[in-house]
There are 2 protein chains.
Amino acid sequence: MKRVAVLGLGLIGGSLLRRLGERGIGYDRTPATRTAAARDGYAVAHTVVDALREADTVVLAVPLPALPGLLDQIARHADAGTLLTDVTSVKSPVLALVRERAPALAYVGGHPMAGTEASGWDAGNADLFAGAAWVACLEPDTDLAAWVRLARGVTGWGCRVVPCAAAAHDQAVARISHLPHLLAAALAAGAVDGPGGQLALALAAGSFRDGTRVAATRPELTAAMCAGNAAALGAELDALVAALAEVRPLLADPDKLAGWLAPGHDARQRRMAQLKAGPVPELLRGSLTDPEPLRRALLALGGAGGHVASVITQGDRVTLACVR
Amino acid sequence: MKRVAVLGLGLIGGSLLRRLGERGIGYDRTPATRTAAARDGYAVAHTVVDALREADTVVLAVPLPALPGLLDQIARHADAGTLLTDVTSVKSPVLALVRERAPALAYVGGHPMAGTEASGWDAGNADLFAGAAWVACLEPDTDLAAWVRLARGVTGWGCRVVPCAAAAHDQAVARISHLPHLLAAALAAGAVDGPGGQLALALAAGSFRDGTRVAATRPELTAAMCAGNAAALGAELDALVAALAEVRPLLADPDKLAGWLAPGHDARQRRMAQLKAGPVPELLRGSLTDPEPLRRALLALGGAGGHVASVITQGDRVTLACVR
């Protein structure tokens, strides 16, 4: 990546532009946001076409509903050979849109697993992605050279790259992000509902504060994110409601209740132990002229919870330092 | 309070004994815990009776199932005039047990709204309660002089005292503590369940980490806490499941979904704004010889989300600095 155009300068795009520094050029459709970014010392284009002119990489950092129009402009104006990626929190709908509207460009879907409940340019910071997982989608027809370019860029931003298919990503984030957002909203609303609400809030401590933190996200942002992943989220919500139906008759029985609680406790402890134990490194080698073995190895790595930590390319040879 | 006996030296009791310093004497039925507390420089009794001998205040800091036996010992050996309180996370069952087994003692139910997912003596620290809400239960038959004694002690430990009836407390904590614990366990277990579990954990970021934090609590502790409050928790769980059933058909509709999310967002924001705006102080004055007006005023304060910040007594006159 020589120059990266970041289209959309909200929390994620704005943080990425800060991280890129001189190698980035930003654009946002809101003039006040462009002014704020320029005031803070970043390169800002006044049109999408201006932003595309110098860039070899384009990052779509706008909400899902804004993508179709933006993709039409990019399809008309971007150079062939431009690497197109995005940071949208659902991947299958974006993949479908790109296939429909900008099929000639090399597209690799992306999703940085970082964020806060804040939004907008002023909420961004250059360190938002430090150490975060960054999904880089790998489909049967993804150009592996483009994937490697994105992975090299993302590891350079201090992130670990998780390879997976768009559909697998969407199921995973339904579980670990979108469902928690629904539950946070339901918990927060339920707490204040009816008599006893003021007392309940006065008593709220750690478990409530943590369990409702993401309810502070603007409802339209959460709604756009969830609605874009409605099918996967619906399945996960059904599974959760089934689990709650299971525990309902056990509430008064400490032993049975402890048995129901144990798998969640174990999952959380296993995850913490994994994080503490540290990485198990391995090298993956492959060739861009024979991409299938590397594609399979990368998808297996992501499916096992692993990630790519750094990328070295020499001509068509690729060496990836991986961790699982 | 001249000398406070803390019976049970887990996370809460151990933290309280540290906070009390020389004014506390601890007891735990596990010899290794007694040894650890004594090694750390605290006064430790080797029997319940020894602990009671010097104390004018007794704090029960054992799990609910251990209470009946302990109450029998206290009823036999405690002086008349001893203030009995507890730190159990449900209040109606403890109130019923005390009425049954130690009816002669002045009992005021208590619950510090602080804790971590850790447990045991070593997890405690003197600052655990700093700034926390501490419920002091007020029933129609609670001795108001005893309530004021507890409130004075608790404010001296750096806590705000929330007056409410045991039943109101139990409903509130079902909402803001016990239900979040169930949801955390369901979320954590669901995330790793079936294919895609490893990938999901690898992508887990803030919303998952926060939404599942309390799933790290030992399942037996969570189960004992929830089972002790099964009726109130069941009602809150039913309300939550009903809210989730409401949102299920809206998932693909961003506008309707945003509408469903808004009350949770508003509740969370209102709470944050309240905390930022700072306290609205007021003085409550009353007399222990005519306790009913003060009892009513205190219950109204707690029901409105307020608390007592400090307590001054002069003979039968009581002045409480309150905040709502």
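Please read all numbers here as calculations on a predicted model, not as lab measurements.

Calculation criteria
- Just so you know, the residues in each chain are numbered from 1, in the order the chain's sequence is written.
- Labels follow written order: the first chain is A, the first ligand is 1, and so on.
- Local features in a predicted model are, by the rule used here, given only for residues with pLDDT of at least 70; side-chain atom pairs are given and counted only at 80 or more, and totals for whole chains, interfaces and linings are based on all residues.
- Processing note: side-chain calculations cover all non-hydrogen atoms of the structure and skip hydrogens and water entirely.
- Helix numbering and strand numbering both begin at the N terminus, where a helix is a DSSP run of H or I of at least 4 residues and a strand a DSSP run of E of at least 2.
- Pairs of residues are marked as contacts when any of their non-hydrogen atoms sit within 4.5 Å.
- Polar contact is the term for a pair of N or O atoms within 3.5 Å; when the atoms are in protein, one must be able to donate a hydrogen and the other to accept it, and sequence-neighboring residues count only if both atoms are side-chain atoms.
- What makes two strands pair is DSSP finding at least two bridges between them.
- In this analysis, axes come from line fits to C-alpha atoms, helices being fitted only over the stretch in contact, and the angle between any two N-to-C directions falls in the range 0 to 180 degrees.
- In short, buried area is how much 1.4 Å probe accessible area vanishes from two parts on joining, totalled over both.
- Note on definitions: salt bridges are taken to be side-chain nitrogens of Lys or Arg within 4 Å of carboxyl oxygens of Asp or Glu.
- All amino acids are sorted into three groups, where Ala, Val, Leu, Ile, Met, Phe, Trp, Tyr, Cys and Pro are nonpolar, Asp, Glu, Lys and Arg are charged, and the leftover types, Gly among them, are polar.

1. Comments concerning the environment of B:Lys91
Residue and element names in this part refer to chain B.
Link 1 in the chain: Within the fold, lysine 91 resides in the loop between β4 (83-86) and α5 (92-101).
Link 2 in the chain: Contact partners of lysine 91, with chain neighbours within four places excluded, come to Asp86, Tyr107, Gly109, Gly110, His111, Cys137, Ala166, His169 and Asp170.
Link 3 in the chain: Separated by 2.9 Å, the side chains of lysine 91 and aspartate 86 make a polar contact.

2. Focus on the sheet that holds strand β3 (residues 57-60) of chain A
Residue and element names in this part refer to chain A.
Link 1 in the chain: Here five strands make up an open sheet; going across it, the order is β2-β1-β3-β4-β5 and the pairing parallel. Single-partner strands in this sheet number two, and they are β2 (24-27) and β5 (106-108). Averaged over all pairs of adjacent strands, the angle between strand axes in this sheet comes to 20°, irrespective of strand direction.
Link 2 in the chain: Where strand β4 (residues 83-86) meets β5, three bridges bridge the pair, whose relative direction is parallel. Opposite leucine 84, over in β5, you have tyrosine 107 as the bridge partner.
Link 3 in the chain: Helix-sheet contacts for helix α4 (residues 67-77) involve β1 (4-7), β3 and β4, and the interaxial angle to β3 is about 165°.

3. Some details on the interface of chain A and chain B
Link 1 in the chain: Facing the 91 residues of chain A at the interface are 91 residues of chain B.
Link 2 in the chain: Roughly 7,200 Å² is buried in total at the junction of chain A and chain B, and carbon and sulfur atoms are behind 70% of that figure.
Link 3 in the chain: Our count for the chain A to chain B interface comes out at four salt bridges.
Link 4 in the chain: Across the pair A:Arg213 and B:Asp210 runs a salt bridge, and its minimum N-O distance is 2.3 Å.
Link 5 in the chain: Run the count over chain A and chain B and you get 17 residue pairs in polar contact (both at pLDDT 80 or more).
Link 6 in the chain: A total of 21 residues in the side of chain A that touches chain B trace back to one element, the largest contributor, which is helix α7 (residues 166-192) of chain A.
Link 7 in the chain: Looking at the side of chain A that touches chain B residue by residue, the class counts come to 55 nonpolar, 22 polar and 14 charged.

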